[in-house]
Structure formats: C-alpha cells, structure tokens
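This is what each chain is made of:
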Amino acid sequence: MPRRMRHHWLLLGACGWVLLIVLFARKLINFNTRATDDYGEKAKVQILTQAKTIESKLAQTLEGTPKLSDPPSVGPSASVPTDWHTVEKRREALLSAVCNNSNDTLKKLTHTSVNTFVYDRIFVCDKHKILFCQTPKVGNTQWKKVLIVLNGVFSTVEEIPENLVHDHEKNGLPRLSSLNGTEIEKRLKTYFKFFIVRDPFERLISAFKDKFVKNPRFEPWYKHDIAPAIIRKYRKSHRDSNNKASAGLRFEDFIRYLGDETGRRHMDQQFGEHVIHWLTYVELCAPCEIQYSFIGHHETLEMDAPYILKAAGIERLVSYPTIPPGITHYNQTKVEHYFSGISKRDVKRLYAHYKGDFALFGYPRPDFLLN
Ligand SMILES: *[C@@H]1O[C@H](CO)[C@@H](O)[C@H](O)[C@H]1NC(C)=O
Ligand SMILES: *[C@@H]1O[C@H](CO)[C@@H](O)[C@H](O)[C@H]1NC(C)=O
Ligand SMILES: *[C@@H]1O[C@H](CO)[C@@H](O)[C@H](O)[C@H]1NC(C)=O
C-alpha cells in the first residue's frame, strides 16, 4: 500500500512537471509566432510607410538603414528593431526644432504653461521612477494598467478590474499634482518621462465616437450637457436642433466647436476636465517645456511599447497587453469618411488649431482634406 501511494505521488509530481514544461513551451511558442507572423511583417512594412509619410523629412536615411528590414532577433526585445533609437533621435530632433521655432503663430501653438492642469495629467510610479502623461484616445488605459502593476497594487495587468483603472482614489497611481513643488521638481528632473501620440485628426474622430456616439463608460454628461451646449452654439440650422431625430451631436458641430479657438474657451471652462479628450497634446503634456525621455507613436506601438519598457528599465517586470492587429494603423479612408461633409473652411480652422500637434510629432498636413 505505501509503495502504491509513493507511485501515486511520483506520478502526480511528474504530471506537474510536464504541465509546467508545456505551459512554458506554449509561452515560448506564442512569443515566437508573435514576433514572426504576418502581423510582425505588417509592422515592419509599417515602419517603412511611417518613414515615408510621418517622418517624411528623414525618410531617406531611414530606408537606407539596412538593419531595419532584418528579421527581428529572438529574445525579450524581439519586436524592437535594433536601431529604433535612431527613430527616437529623429523624433527628438524634430520636436526640439519645432519647439525652438521663431514663428509667433507656431510658438503659440506649441508652448503652454506648466501648471496644476498639466501636473494633473501626469501619473507617478515612484517605485521605478517613471512619469506618464495621459493623452486620452491614444491607448492610455493599457499604459495605466502597466503602471498600476509596477506600483504593486496588482500583480498582473489582467487582474485589474476595468472600472478601477480610472479610479484614482483606489488604483494606487497618484498624479504629480498630489505632490508639493519640491517633490514635483525632483521627479521631473530625474524620472523617465513619456507619453503617446497619434494622428491628431484620427484622435478627434476617436473622441467623438467614444464620447458622443457610443459612450461605453456611461458618462451621461457628454450627451446630456456638453453635446447640447455645442449644438446650441455651433449647429448651423437651429430648426434641426429642435428636431428630436437629429438631436445628437454631429461630427460637423464638433469640428466647428473645436476650430473656434477663441469662442470655445469659455465653454471649455464650463465643461471642466472632460475636455481632456480633445485638448491638444501641447495643452495636456507641455512637450516643449518638460523634457520627455520618449514620445511614442500609436501608429508604431508594436515597436514603441517594448522600446519604452526597455528604456524605462522595466521590460522584465511587466509586458504591454497584447495589441489587437490593425488597431494602431492610420486609416485615411476613415478620416476621409468622417470629414466628407465638412466644409473646407471648417477643416482649415480645425487644422490651424491642431497645427502644433501635427508639427511637433511629425504628422503630415492632411492635404487630402485641405486642398
Ligand atoms: C508663421 O506660421 C503661420 C502658420 O503656419 C503662417 O501662416 C505664417 O506665414 C508664418 N509666418 C512667417 C513669418 O513665416
Ligand atoms: C514636500 O513633501 C515632502 C515629502 O512629503 C516633505 O518632506 C517636504 O517637507 C515638503 N516640502 C515643502 C516645502 O512643503
Ligand atoms: C478603414 O476605415 C474604413 C471606414 O471606417 C473601414 O471600412 C475599413 O475597414 C478600415 N480599414 C482598415 C484597414 O482598418
């Protein structure tokens, strides 16, 4: 009997080992397929298109860099092209050039005062000396999850309940504004600081859809307070706005409001913090005043996310959640579709307001909407 029992235990132990090995192997296989499947290929192709369109000035050198098209190496940083730091350097050079421009119009669009509003946008991870500036509609929820895990309140990204990510009382992710001046200064000087951007007009489309069409987080104030206020001031035909069937905010109302730089200021004060979903990156994060260590692009997130984790020294502690294929790609058809009913005059005003964001981060002027 004891002999049989021992057999049982041995068998059970062996099974445990096999299970562990299988799990480990599956992890490895998953990793490798992620790095080499056609999603990876797409990402590589995207680097080149990015170079052509987004970082157009620097495209020639980028395409001339042979390493960029090499297959990714196997290992923890497999999805970061070996010379992604040259992309970082180019972004830095462009940002610095645009920040230091002497054109008064562009100066106004690229500079802002660093105040409590900006400190409210920046989240602190003291344990690993990281600051993250929130730019809504650019996949920030995922980054916040990464930082919450790093701060130690939860041990994996998957464990964090969705409703807790944005509950800053409970998620253990303090804002820079919660600290005093000396403490803020110290962190701004020494911490790894980053944020993410995407094409400014695509971001506005995303904000419109998320807050005024779908509203998945049940934030009634967008449809019940903000939308009617915008419609009252910016809808051309008021007969329309009385008609119940067309009472919802239309993209053209939204665009007219966003492009009215002076007129909307008073409204924005009344709307309060909710406007962060369409304020410029300049207003949110002060990229010319605060020297960020890295500014990632949503369009190249497959490369930028692992690069950021590595640069911040946390790549072994946490991984960025899986990026669903296709969601980071810039979709000109979608942009054309949304802007198809908008007058040239309104698009021009809108562009004039967001021009700083286009210029600082190398997004090309959307000629297909403006010419
Ligand atoms: C400054 O920039 C604005 C907006 O881009 C442009 O219209 C204007 O011509 C520029 N001024 C000078 C002096 O270059
Ligand atoms: C700022 O906060 C730190 C840490 O809480 C504290 O030690 C320091 O005395 C504070 N400084 C001022 C000027 O209040
Ligand atoms: C781009 O957007 C259009 C219109 O919204 C959509 O039909 C199309 O599938 C999108 N293309 C890609 C590649 O996601």
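Residues numbered from 1 in each chain as written. Chains lettered and ligands numbered in written order. Predicted model: local features only at pLDDT ≥ 70, side-chain atom pairs only at ≥ 80, totals over all residues. Heavy atoms only, no water.

## Quick look at the overall build of the chain
A tally of helices and strands in the chain yields 18 helices and 4 strands. Residues counted as buried form 46% of the 371 residues belonging to the chain. Across the chain, every contact between residues at least 6 apart in sequence was considered, and the portion connecting residues at least 24 apart equals 71%. Of the accessible surface of the chain, which amounts to about 19,800 Å², a share of 57% is contributed by carbon and sulfur atoms. (Helix = DSSP H or I, 4+ residues; strand = E, 2+ residues; numbered from the N terminus. Buried < 20%, exposed > 50% of the residue type's maximum accessible area, 1.4 Å probe, protein only. Contact = heavy atoms within 4.5 Å. Areas by Shrake-Rupley, 256 points an atom, 1.4 Å probe, with all protein chains shown as cover.)

## With respect to the site of ligand 1
Around ligand 1 lies a shell formed by N103, T105 and K355. Contact distances for ligand 1 include 2.3 Å between an oxygen atom and a side-chain N or O atom of N103. Contact with the protein chains hides 33% of the accessible area of ligand 1, taken as 360 Å² for the molecule alone. (Near = heavy atom within 4 Å. Polar contact = N/O pair within 3.5 Å; in protein donor to acceptor, adjacent residues only side chain to side chain.)

## Examining the packing of helix α10 (residues 220–234) against helix α13 (residues 264–271)
Look at α10 against α13: their axes get within 11 Å of each other, and the N-to-C directions meet at 165°. By the angle class used here, α10 and α13 are roughly antiparallel. Like other packed secondary-structure pairs, α10 and α13 cross with a definite hand, here right-handed. Contacts between α10 and α13 involve I226, A229, I230, K233 and Y234 from the former and R264, M267 and F271 from the latter. Across the contact of α10 with α13, the residue classes break down as 6 nonpolar, no polar and 2 charged. (Axes fitted to C-alpha atoms, helices over the stretch in contact; angles between N-to-C directions. Parallel < 35°, antiparallel > 145°, perpendicular 65-115°, else oblique. Left-handed = near helix turned anticlockwise from the far one by under 90°. Nonpolar A, V, L, I, M, F, W, Y, C, P; charged D, E, K, R; others polar.)

## A look at helix α7 (residues 140–151)
Helix length check: α7 (12 residues) gives 16 Å between terminal C-alpha atoms against 16 Å at 1.5 Å per residue, within 8%. With 11 of 12 residues buried, α7 lies mostly within the body of the structure. Every buried residue of α7 is accounted for by N140, T141, W143, K144, K145, V146, L147, I148, V149, L150 and N151. Among the structural elements, β1 (122–125), β2 (130–133), β3 (192–197) and α15 (301–311) are those in contact with the buried residues of α7. Once α7 finishes, G152 follows within two positions and takes phi at roughly 95°, a positive value. (Expected span 1.5 Å × (residues − 1).)

## Quick look at the sheet that holds strand β4 (residues 294–297)
Spatial strand order, β1-β2-β3-β4: 4 strands in an open sheet with mixed pairing. The sheet terminates laterally at β1 and β4, the two strands that pair on one side only. Ignoring strand direction, the axes of neighbouring strands in this sheet form an average angle of 25°. Across 3 bridges, β2 lies against β3 in parallel orientation. Across the sheet, L131 pairs through a bridge with K193, a residue of β3. Set on the sheet, α7 makes contact with β1, β2 and β3; between it and β2 the angle comes to about 160°. In this fold α15 packs onto β3 and β4, with an angle of close to 155° to the strand it touches most, β4. (Pairing = 2+ DSSP bridges.)

## Brief notes about the state of the cysteines
Under the criterion given, the structure shown has 2 disulfides. Two residues share a disulfide in this structure: C99 and C288, whose sulfurs sit 2.0 Å from each other. Across the S-S bond linking C99 and C288, the dihedral sits near -90°, which makes this disulfide left-handed. Of the two residues, C99 is situated in helix α4 (residues 84–99) and C288 in the loop between α14 (281–285) and β4; the sequence distance between them amounts to 189 residues. Given the relative accessible area of 10%, C99 is considered buried. C133 shares a disulfide with C285; S-S distance 2.1 Å. As the torsion about the S-S bond is roughly -95°, the C133-C285 disulfide counts as left-handed. (Disulfide = S-S within 2.5 Å.)

## As for the pattern of salt bridges
Scanning the entire structure with this criterion turns up 19 salt bridges. Residues participating in the shared-partner salt-bridge network are D126, E183, K186 and R187. (Salt bridge = Lys/Arg side-chain N within 4 Å of Asp/Glu carboxyl O.)

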